[in-house]
Structure formats: structure tokens, C-alpha cells
Amino acid sequence: MKTHSTPQFPQDSEKAASPQAPGPVPLNFCIILSKDGRIDRLVDRPLEEYLTAIPSASIAWIDYSTRDDVQDIEQIAQAAGFTKLPIPKLSTGFYSAYEDYDTELGIMLPSVTMKGDDMTVHPLFVLIRENFILTLHSEDINRLLRFSRYAQPFFKRISAECTCDKITLMLERIIDENNDRNFEYLREIEMHGDDISKSLIEENIAKRQIAHQIYRMKHVLIDYLNVLWATKDVINSLQYGDADLITNDEKLLGRIGILSDNIERHIELSEQMSNVLASGLEVMQSIYNNQLQSLNNRFALVTAYLTVLGTAFLVPNTIATIAGSGIMAGQMAAQWWYLPLLIVSTIVATATSFLWVVHVWRGRKEEI
């Protein structure tokens, strides 16, 4: 037995009814390739009706919607004949998981949905045994339905392959479809990042609000990178894990490797986007620093004015204090030159302090 999984995957708190609960049948379908080459596509049927057609099929694929409830998924898996796979263990991975039990293979892939700048990650379960693939996912995502509409031509192309090759080709196509839908949300993240960059040049928008938007977008981007790395981890496990249900054909395994290369390119794009958002935070820091420097310059200018005024009053006040103290008290103040002395000393002191402040101020500007 070969296992590979990562830390816990967050589960939604909403509880779902059992598969036998009354109510409308969730959107589901089944593609069956018969041994005689006939291809049937069944839509919105009970799970039991799908399962009855599997024994006589060359390969069958059932896609079923649930409400992300582990107990519900486990009941569906047991009804479909998956007795070895521990669904609770499979569902506790951090965005992804890989469980190989020789005759049964189970993987969990992350499926992304976004509303505004809120990103939600739903698990996509892919269970495999013999000639049968079962995909289980939330009712909030339905990304495999588009592929199911064109699955019949695809089944015709793989009808000549052996069972393990058919399983591998189907699994590769399912993963590729899930990846393509996940990659689409990188464009939305880029659009939100561009809107934030545009907000930086708007003077009437609070810069603190923009900083919070940049932080939220970086948080979304980090989660998105975790999704990409988790998907790459599963693909590498499929390519190098030597599962009995997966082909050993190097050409087909190379197709799985291409999926890994595509994810690496999107990881690089996401990291570049992260650098762009980080530069936005640097711009915000520069704006704050410039505002602080401008405030410091204003305080320095006020201090310079106060220095000039203080000096203008300090020198004549000192002379008047000396004239009014000691033996000379009252005599100097009576002299005719006393008042002109105060006026001249005030003018000289004010001019000298003003010229010195201007000299220092120009020196600071030249240093800047």
C-alpha cells in the first residue's frame, strides 16, 4: 500500500443529506464505453442506474455532485464499490491528497471559485478502480460538465487502448480540465491587481484602504499558489508513484508531466504577480515616507521662523537687562544713544539669524 497526503483540508460546515434523501437529483452524468465500442451518455439519473451498467463496460466515468459532506461522499463511494479507500483520510489533505491501495486509487484535487476578491477552494475527488472512474465534487462547481459534452469523441479515440491506458488518459484529461478552470482565476486576480494599481494614482482615495486591498489580494494570491503547489504534488505522485491502476507507458506518463510543466508556468506568473503587489506596498511605504518628510520639513520651517523671531527679541532684551541692572541702572537708559542701540541691535540680530537660517536651509536642499 502506497499513501501520500498532506495536512488537513478545510471542510464546509453545511451538512448534506444522504444520497438516498428525497428531493431533486443533483446535476450528474455517466459516460460508458461498451466492450462492443458503443458509447452511451446518461444524464441526471440515480446513482444505482449508473452502477448497473459498469460491469458490462470497457470503461465508465461517473460524475456526481454532493455538498462537500464527508459522510455523504463516503456513502457514495461505498455504494460505488470503493471499500478500501478511507474517504475521511483522503479528505483531510491540505488542498490535495493521494491514496494508492493497489486495486483502488483515490486523489483529491483543489477546485477554485472566486467572487470579487474572496476565493473559495472546493475538493474534487477522483476515485478509480478496475475500469471505473468516479468524480465527486461540490454542487457549487460543475467544471467537468463541459468536458462531458465532448467525451464521446474522446472515448472513441481511446477505445483501442488497454484498460490502464484508458484510465490514465481519462484521468489526465479530467485533471487538465480542472487545471484550466483554476488557471482562469489568475486573470481575475490580475484584474483586481490592476484596479489596485490604478487606485494608487487617485488622490481622493484613502491610502490606508488601498493598503488593506493590497494585503487581501496578496492573501488570495498566496492561497492560489498553495492550490497550484497542491495540484502539482498530486500530479508528481501520479507520474512517479507507480500505481497499479496507472499505465507504465512513458509517452502517456509524459502527458501527465506536461500538466506539471503548465502548473510550473502558472506558479511563475503568480509569483510575478506577488512581486507586483509587493511593489505596490513599497509604493505605499514611499508615499507615507514622503508625507512624513513633508511634515518634518514644515516643522523645520516653523522652527526656523521661531529661531529668527527669538533672536530678534533676545539680543535687545539682553542689552536692556544689562542697562537696567547694577550701578548703571537708569543712567544708560537716559542716554540719547540707548534707543537707537536697541533698534540697531534688533535689526542686526534679526538679519544675522535670518541669513544663517537661509544658509543652513539651502545646504539641506543641496544634500537632498
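What counts as what
- Residues numbered from 1 in each chain as written.
- Predicted model: local features only at pLDDT ≥ 70, side-chain atom pairs only at ≥ 80, totals over all residues.
- Heavy atoms only, no water.
- Helix = DSSP H or I, 4+ residues; strand = E, 2+ residues; numbered from the N terminus.
- Buried < 20%, exposed > 50% of the residue type's maximum accessible area, 1.4 Å probe, protein only.
- Contact = heavy atoms within 4.5 Å.
- Areas by Shrake-Rupley, 256 points an atom, 1.4 Å probe, with all protein chains shown as cover.
- Phe/Tyr/Trp six-rings, centres within 6.5 Å; stacked < 30°, edge-to-face > 60°.
- Lys NZ or Arg CZ within 6 Å of the ring centre and 35° of its normal.
- Pairing = 2+ DSSP bridges.
- Polar contact = N/O pair within 3.5 Å; in protein donor to acceptor, adjacent residues only side chain to side chain.
- pLDDT = per-residue confidence, 0-100.
- Core = buried A, V, L, I, M, F, W, Y, C linked by side-chain atoms within 4.5 Å.
- 1 Å grid on protein atoms, 1.4 Å probe; cavity = no way out; pocket = protein on both sides within 12 Å on 5 of 7 lines; lining within 4 Å.
- Points joined across faces, edges and corners; volume = space filled by probe spheres on them.
- Nonpolar A, V, L, I, M, F, W, Y, C, P; charged D, E, K, R; others polar.

### Section: the overall build of the protein chain
- When you go through the protein chain residue by residue, the secondary structure sums to 9 helices and 8 strands.
- Among the 368 residues that make up the protein chain, the fraction classed as buried is 43%.
- Restricting to contacts in the protein chain with at least 6 residues of sequence separation, those with at least 24 account for 69%.
- Carbon and sulfur atoms provide 56% of the accessible area of the protein chain, an area that totals close to 20,000 Å².

### Re the packing of aromatic side chains
- The final tally for this structure, using the stated rule, is 5 aromatic pairs.
- Where F82 meets F132, the ring centres are 5.7 Å apart and the plane angle is 35°; that geometry is what we call tilted. With F82 in the loop between helix 2 (70-79) and helix 3 (87-90) and F132 in strand 8 (residues 132-138), the pair connects residues that are 50 residues apart, well separated along the chain.
- We classify F132 as buried; its relative accessible area is 0%.
- Look at F147 and F154: their rings are 5.7 Å apart centre to centre, the planes differ by 75°, and that puts the pair in the edge-to-face class. The pair F147 / F154 is uniform in exposure class, with both members buried.
- Every member of this aromatic cluster is reached through a ring pair, and the members are F29, W61, F147 and F154.
- We note R129 situated over the ring of F82; from NZ or CZ to the ring centre the distance is 5.5 Å.

### Quick notes on the pairing of strand 7 (residues 118-129)
- Within strand 7, 10 of the 12 residues are buried, which leaves it mostly tucked inside the rest of the structure.
- Adjacent in sequence and paired antiparallel, strand 6 (residues 104-115) and strand 7 are bridged by 2 residues, among which G116 carries a positive phi angle near 70°.
- Hairpin geometry of strand 7 and strand 8 is characterised by an intervening segment of 2 residues between the two adjacent antiparallel strands and by a positive phi of about 50° at E130.

### Observations regarding the side chain of H122
- Within the secondary structure, H122 is located in strand 7.
- Among the polar contacts made by the side chain of H122, one reaches the side chain of T113 at a distance of 3.4 Å.

### Thoughts on unusual backbone geometry
- With a phi angle near 55°, D44 is a residue other than glycine that sits in the positive phi range.
- The residue D44 is located in the loop between strand 3 (39-43) and helix 1 (47-52) in this model.
- D44 gets classed as partly exposed once you look at its relative accessible area, which sits at 39%.

### A closer look at the confidence of the model for the protein chain
- Averaged over every residue, the pLDDT of the protein chain is 76; residues scoring 70 or more account for 67%.
- Least confident of the elements in the protein chain is strand 1 (residues 2-5), whose mean pLDDT is 41; most confident is strand 5 (residues 97-100), at 92.
- Confidence over residues 1-26 falls short of pLDDT 50; this stretch has 67 contacts with residues more than four positions distant or in other chains.

### Observations regarding the nonpolar core
- Core analysis: the largest hydrophobic core is formed by 57 residues, its most contacted members being W61, I107, F155, M170 and L238.
- If we skip the residues at most four places from it in the chain, F155 touches I31, I32, L33, I39, I59, W61 and M170.

### Focus on empty space enclosed by the protein
- Under the counting rule described, the total for this entry stands at 1 cavity of 30 Å³ or more.
- By volume, the largest cavity amounts to about 40 Å³.
- Residues belonging to the lining of the largest cavity are distributed by class as follows: 4 nonpolar, 3 polar and 1 charged.

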